[in-house]
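Breakdown of the fold
Read off the chains here:
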Amino acid sequence: MKTKFSCFMYPFLALLWLAPAAFAAEGALDPARIEQLTGLQGTLNQKEGVFKVNFPRKDIQATVAGARLATDQGLTAWAAFARAGDHAMVMGDIVLLENEVNPVLSAALDNGLEVTALHNHFLWDAPKVMFMHIGGMGDEEVLARAVGQVFGKLKEVIATKPGPPTANVDPAKTSLDPRKLEQIIGTAGTLNNGVYKIVIGRTAKMGQHEVGKEMGINTWAAFAGSDQLAVVDGDFAMLEGEVQDVLKALRRANINIVAIHNHMIGESPRYVFLHYWGIGPAEELARGLKSALATQSGG
């Protein structure tokens, strides 16, 4: 049975008001046990009460606009542990190549960790490098074991080097039946230039002004191809408390996560946006999206 950690965002924000010494006062971390469970070596910052394990991606020989990128220039994955009252917390940043992102993201979710961001740190990098942020709160040993599973999956994918998902789909030759997709998702779309697009609006306030679908507060899906083989890409607009369940639903449907980030600053309520890409039978993709929509408020 998987251990479920409490929601990372709100307890963690409250704990930021506590001094680092307060974390240590509740009990010391066990660095040796964390190293054993994560399979990584780390260092202890006594002042902040944080034990941090590191995984330098020395295997990535990347360039940025032609300049060779050293490991110390941001190519080290890490996870940092601290005491948080009666529990422990972990935060981390995992350095990933494109083909590694979704297997490692699924490993984090499957082991009870939260995935809080996925984005790039560079432009013009080759190969493309992505950064996935994780977090969790709970029992120190359970957290360390979960982080160990994440890095274990990463090491496995580094060794196997899976290729990207591919599909020979040309929107100009789209033949899928939009009516079937509309019935599954429950929202009508429009077919234009071989792309069937569905847009579902949400609302927020920027200051005293309400903004909605046409200002970018929306979830959308764009399909192209045939009923038998289609591609879908799009964006989910999520409240903070919806992010993890949407991620899990999409990954269960084998839909790839491309990015997790914010589009605005200062909106209320706070929205997080997720970009995705999927390949498969059109109806299966639509059912995967519907399962993710069903996890959201009013979904």
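In what follows, the structure referred to is the one given above.
Here goes a summary of the coordinates provided. Throughout this document, residue positions are counted from 1 along each chain, in the order its sequence is written. With the structure being a predicted model, the display of local features is reserved for residues of pLDDT at least 70 and the display and counting of side-chain atom pairs for 80 or more, all residues being used for whole-chain, interface and lining totals. Only hydrogens and water are set aside; all other atoms, that is, all heavy atoms of the structure, feed into the side-chain values.

Each pair of aromatic rings taken from Phe, Tyr and Trp, with Trp reduced to its six-membered ring, is defined by centres within 6.5 Å and is described as stacked if the planes are under 30 degrees apart, edge-to-face if over 60, and tilted in the remaining cases. With the rule as written, the count across this model stands at four aromatic pairs. Arranged with centres 5.8 Å apart and planes meeting at 70°, the rings of F55 and F151 form a pair that is edge-to-face. Taken together, the residues span a long stretch of sequence, with F55 in strand β2 (residues 50–56) and F151 in helix α5 (residues 140–160) at a distance of 96 residues. F151 shares its class with F55; the two are buried. One cation-aromatic arrangement involves K52 over W78; the distance from NZ or CZ to the ring centre is 4.4 Å. Secondary structure elements are taken from DSSP: a helix is a run of H or I of four residues or more, a strand is a run of E of two residues or more, and numbering for both begins at the N terminus. Exposure classes here rest on a 1.4 Å probe applied to the protein chains alone. A residue is buried below 20% of its type maximum, exposed above 50%, and partly exposed in between. Placement of a charge over a ring requires the Lys NZ or Arg CZ to be within 6 Å of the ring centre, with the centre-to-atom vector within 35 degrees of the ring normal.

We define a salt bridge as a side-chain nitrogen of Lys or Arg found within 4 Å of a carboxyl oxygen belonging to Asp or Glu. Within this structure, the stated rule accounts for 13 salt bridges. With a shortest N-O distance of 2.8 Å, R57 and D59 are connected by a salt bridge. By relative accessible area, R57 is classed as buried at 0%. The residue R83 makes a salt bridge to E140 at a minimum N-O spacing of 3.3 Å. Here R83, found in strand β5 (residues 76–84), pairs with E140, found in helix α5; they are 57 residues apart in sequence, far enough to count as distant. For the pair R83 and E140, a shared accessibility class is recorded, and that class is buried.

Let us look at the sheet that holds strand β12 (residues 204–206). Taken together, the three strands give an open sheet; going across it, the order is β13-β12-β17, and neighbouring strands pair in antiparallel fashion. Edge positions in the open sheet fall to β13 (209–211) and β17 (267–268), since each of these has one partner strand only. As judged from the two bridges shared by β12 and β17, these two strands associate in the antiparallel manner. What sits directly across from K205, in β17, is S268. Two strands form a pair only when DSSP identifies at least two bridges running between them.

Moving on: the environment of A32. For A32, the position within the fold is in helix α3 (residues 31–38). Here the alpha-carbon distance between A32 and V64, two residues 32 residues apart in the chain, equals 37 Å.

With respect to topology, three strands assemble into an open sheet ordered β4-β3-β8, the strand pairing being antiparallel. The sheet is open, and its two borders are formed by β4 (67–68) and β8 (125–126), each paired with just one other strand. Inspection of the sheet shows strand β3 (residues 63–64) paired to β4 by two bridges, in the antiparallel sense. In the sheet register, T63 faces β4, and the bridge partner there is R68.

Another aspect to go through is helix α7 (residues 243–252). Burial runs high along α7: seven of the ten residues are buried. Residues of α7 that are buried include every one of V243, Q244, V246, L247, A249, L250 and R251, and no others. For α7, the elements touching its buried residues are α4 (101–110), β7 (114–120), β15 (230–239), β16 (256–261), β18 (271–280) and α8 (282–293). Note on α7: the residue one or two positions beyond its end, N254, has a positive phi of about 60°. Residue contacts follow a heavy-atom distance rule, with two residues in contact if any of their heavy atoms lie within 4.5 Å.

So, about the packing of α3 against α5. What describes two packed helices is the angle between their axes and the distance between those same axes. At their nearest, the axes of α3 and α5 sit 7 Å apart, and the two run at 35° to each other. Between α3 and α5 the crossing geometry is right-handed. Between α3 and α5, the contacting residues are R33, I34, L37 and T38 on the first element and E140, E141, A144, R145, V147, G148 and F151 on the second. Split into classes, the residues belonging to the contact of α3 with α5 amount to five nonpolar, two polar and four charged. Inter-axis angles, ranging from 0 to 180 degrees, are taken between N-to-C directions of lines fitted to C-alpha atoms, where helices are fitted over the stretch in contact. Working rule for handedness: look at the near helix, and if it is turned counterclockwise from the far one by less than a right angle, call the crossing left-handed; if clockwise, right-handed. Classification used: nonpolar for Ala, Val, Leu, Ile, Met, Phe, Trp, Tyr, Cys and Pro, charged for Asp, Glu, Lys and Arg, polar for all others including Gly.

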